[in-house]
Amino acid sequence: MEQQPRGKSWVIGPMMVVAVLCGVLIGKGWERTGHATETYEELKTFSEVLNQVQRHYVDETKTKELVQGAIRGMLSTLDPHSAYMTPEMYKEMQVETKGEFGGVGIQIGVKENRLAVIAPIEGTPAQRAGIKAGDFIVKVNDETTKDLTLMDAVQKMRGPKGTKVNLTIQRDGTPDPLLFTLMRDTIKIESVKSKIIDNLGYVRLTQFQEATGRDLAKAIKQFREQKVQGAILDLRNNPGGLLTAAVDVSEQFLPNGKLVVFTKNREGKKDEWLAKSKDQMDELPMIILVNEGSASASEIVAGALQDWGRAVIVGTTSFGKGSVQTILPLGDGSGLRLTTAKYYTPKGRSIQSTGITPDIVVKIPAPAKDGKPVEKEAETKAQKPAQGKEKDAAPHTNGKAPEDAATKNGATPQAPPLDSAGDPAVEQDAQLQKAVELLKTWKIFKEMKVS
């Protein structure tokens, strides 16, 4: 989960080694003499190593590249979500939040200490080629991803429209790696899609961007005009996005003043986000669909509406990413993506490593080799959450949950089948079918009268 870029930051851009030394010691470091002394001694060792590399390494070196490499190494010891962005990467990140960039259309994360596909973006080269949520990316072109940071992996997959990139994929249940050759394209993300299904308002969010809340409000206005009898919010394979967008979405279904989410930093400082919208859709019955590809902002929305009893959650346990990344601009135009807090649902639940557990679990049957489903749709009420989606993601999260059952059994989260408009086809989507059935039943029971 990312907070929007700040105008100023307590981080000072490291242009040279001297700047690095000053940047670390300026501020609170001087107030803690022991800490400042310890930091100085460690940085003295770093300076000595840098000097030896510059003097004796077999090839010529550039100070800027060495310092940037050291920064990347430092951040990689924290967690997979903290990363250094060059000026080019920082600019591209700002463009991405607006919904358009060049690449193959894959949202990635870390799972079991491996580079994993959280979800392919609909209508992109990755989705059309058959890459699935839960796939592991073992190589980008001929380079292993074993030691790549998330930011570096993204950079290697991004590129101009019309260029090619090869991805080697390891898929659970498939003995041999799969090779995909993808043609990069301009990825335009339409974050809100809506339609009417059996007099029910259906809206699918593919990502949380700056305009997501505004576009959702337009869809809700149309639902009101058509007097729908219920609402379905589809967050499946939605990997998240901006924290502010998650709040914008949540408050359209909650009364004013209701807590949407709160965060805590390492000092225990608590920041709260409350619903402030004046025009809520809080009178109709509501279903939220989630699956293993629903992460971060998706889990904030689902958790908030579940805690307040505003919606019934249907599907499978979500990804489990409950940390907040703040974007900190640096002096030379580069940026720092740093994990600064954990977020919690209104009732104080941390989603990190556990995810959102559906009220009603509905699994998508995995297709057999002959194309027939190998198991029937499974439903339970408040089933025990499947854990471990991000159990190894970061040392500071203390995620020590057992291995996720779906992963252990070789199951791979499947995206719902799509119709010609790019939306789920109801007759082929067990989870969406269940949502429609529940809302229809809801109306029947509401209209029943006891004589």
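Bear in mind the structure is a predicted one, so any value in this text is a computation, not a measurement.

Engineer: Can you walk me through the overall build of the protein chain in this structure?
Structural biologist: Within the protein chain one finds 11 helices and 21 strands. Taking the intrachain contacts of the protein chain between residues at least 6 apart in sequence as the baseline, contacts between residues at least 24 apart amount to 68%.

Engineer: Just to check I follow, could you spell out the nonpolar core for this structure?
Structural biologist: The nonpolar side chains of a soluble globular protein tend to be buried with one another. Residues F208, L233, F253, I288 and L305 are the most contacted members of the largest nonpolar core, which totals 40 residues. Counting residues per element, this core draws most heavily on helix 9 (residues 297-307), which supplies six residues. Those residues in contact with I288 that sit more than four places away from it in its chain are L233, L235, V301, A302, L305, A311, V312, I313 and V314.

Engineer: Looking at this structure, how should I read the environment of G333?
Structural biologist: You can see G333 is positioned in the loop between strand 18 (323-329) and strand 19 (335-344). Considered as a pair, G333 and K91 are 242 residues apart in the sequence and their alpha carbons are 8.5 Å apart. Look past the residues within four positions of G333 in its chain and what remains in contact with it is P87 and Y90.

Engineer: Just checking my understanding: could you explain the confidence of the model for the protein chain for this structure?
Structural biologist: Regions with low pLDDT carry predicted coordinates that are not meant to be interpreted in detail. In the predicted model, the protein chain carries a mean pLDDT of 79, and 76% of its residues have values of at least 70. Note on residues 369-389: pLDDT is under 50 here. Beyond four places in sequence and across chains, it has 51 contacts. Between residues 418-422, whose pLDDT stays under 50, and residues either more than four places distant or in other chains, the model counts 10 contacts.

Engineer: For this particular structure, what's the right way to read the packing of aromatic side chains?
Structural biologist: Pairs of aromatic rings are described using the distance from one ring centre to the other and the angle between the two planes. One pass over the full model with this rule turns up one aromatic pair. Measuring from centroid to centroid gives 5.2 Å for F262 and Y344, while their planes differ by 10 degrees, and the two rings are stacked. In this pair, F262 is assigned in strand 14 (residues 259-264) and Y344 in strand 19, connecting sequence segments 82 residues apart. The class of F262 is buried, set by a relative accessible area of 6%. K264 extends its terminal NZ or CZ atom over the ring of Y344, reaching a point 5.6 Å from the ring centre.

Engineer: Is there a simple way to think about unusual backbone geometry in this case?
Structural biologist: In most cases, non-glycine residues show a negative phi, while peptide bonds are predominantly trans. At N199, a position not held by glycine, the phi torsion is positive, near 65 degrees. Turning to its location among the elements, N199 is positioned in the loop between strand 11 (192-197) and strand 12 (200-205). Within the chain, S353 stands out as a residue other than glycine whose phi angle is a positive 75 degrees.

Engineer: Help me understand the pairing of strand 4 (residues 106-111) in this model?
Structural biologist: Regular strands have side chains that alternate between both faces of the sheet. In terms of burial, strand 4 is largely enclosed, as six of its six residues are buried. Of the two faces of strand 4, the one lined by I106, I108 and V110 and the one lined by Q107, G109 and K111 are each fully buried. When strand 4 meets strand 5 (residues 114-120), the two strands line up antiparallel, connected through six bridges. Pairing of V110 across the sheet is with L115, part of strand 5. Taking the residues between adjacent antiparallel strands as the criterion, strand 4 and strand 5 are bridged by two residues, where E112 takes a positive phi near 55 degrees.

Engineer: Just to check I follow, could you spell out the packing of helix 8 (residues 243-250) against helix 9 for this structure?
Structural biologist: When two helices pack together, their arrangement is given by the angle between their axes and by how far apart the axes lie. Two elements in contact, helix 8 and helix 9, have axes separated by 9 Å at closest approach and are oriented at 30 degrees. Of the possible angle classes, the one that applies to helix 8 and helix 9 is roughly parallel. Here helix 8 and helix 9 pass one another in a crossing that is right-handed. Only A297, I300, V301 and L305 of helix 9 make contact with helix 8, whose side of the interface consists of L243, A246, V249 and S250.

Engineer: Please clarify how the pairing of strand 12 should be interpreted in this entry.
Structural biologist: When you tally the buried positions in strand 12, you get six out of six residues, the bulk of the element. Burial of the side chains of strand 12 extends over both faces: L200, Y202 and R204 are buried on one face and G201, V203 and L205 on the other. Pairing analysis gives six bridges linking strand 11 to strand 12, with the strands arranged antiparallel. Pairing of K193 across the sheet is with R204, part of strand 12. Count of turn residues in the strand 11/strand 12 antiparallel hairpin: two residues, of which D198 carries a positive phi of about 50 degrees. Relative to strand 13 (residues 231-234), strand 12 is paired through four bridges, and the arrangement is parallel. When the bridges of strand 13 are listed, V203 appears paired with L233.

Engineer: Where do I start with the side chain of D359 in this structure?
Structural biologist: Structurally, D359 can be placed in the loop between strand 19 and strand 20 (360-362). There is a polar contact of 2.8 Å between the side chain of D359 and the backbone nitrogen of I313.

Engineer: Can you help me understand the pattern of salt bridges in this one?
Structural biologist: Side-chain pairs of opposite charge can arise whenever the charged atoms involved come near each other. Taken as a whole and assessed by the stated rule, the structure comprises 14 salt bridges. In this structure, D234 engages R204 in a salt bridge whose closest nitrogen and oxygen atoms are separated by 2.8 Å. Of this pair, D234 sits in strand 13 while R204 sits in strand 12; the two residues are 30 residues apart in sequence, bridging distant segments of the chain. A relative accessible area of 2% places R204 in the buried class. E272 is the salt-bridge partner of K270, the closest N and O atoms lying 3.6 Å from each other. Relative accessible area serves as the criterion here: at 43%, K270 is assigned to the partly exposed category. Its relative accessible area of 46% is what places E272 among the partly exposed residues. The structure contains a network of salt bridges with shared partners spanning R204, D234, R236 and D429.

Thresholds, definitions, all that
- Residues numbered from 1 in each chain as written.
- Predicted model: local features only at pLDDT ≥ 70, side-chain atom pairs only at ≥ 80, totals over all residues.
- Heavy atoms only, no water.
- Helix = DSSP H or I, 4+ residues; strand = E, 2+ residues; numbered from the N terminus.
- Contact = heavy atoms within 4.5 Å.
- Core = buried A, V, L, I, M, F, W, Y, C linked by side-chain atoms within 4.5 Å.
- Buried < 20%, exposed > 50% of the residue type's maximum accessible area, 1.4 Å probe, protein only.
- pLDDT = per-residue confidence, 0-100.
- Phe/Tyr/Trp six-rings, centres within 6.5 Å; stacked < 30°, edge-to-face > 60°.
- Lys NZ or Arg CZ within 6 Å of the ring centre and 35° of its normal.
- Pairing = 2+ DSSP bridges.
- Axes fitted to C-alpha atoms, helices over the stretch in contact; angles between N-to-C directions.
- Parallel < 35°, antiparallel > 145°, perpendicular 65-115°, else oblique.
- Left-handed = near helix turned anticlockwise from the far one by under 90°.
- Polar contact = N/O pair within 3.5 Å; in protein donor to acceptor, adjacent residues only side chain to side chain.
- Salt bridge = Lys/Arg side-chain N within 4 Å of Asp/Glu carboxyl O.

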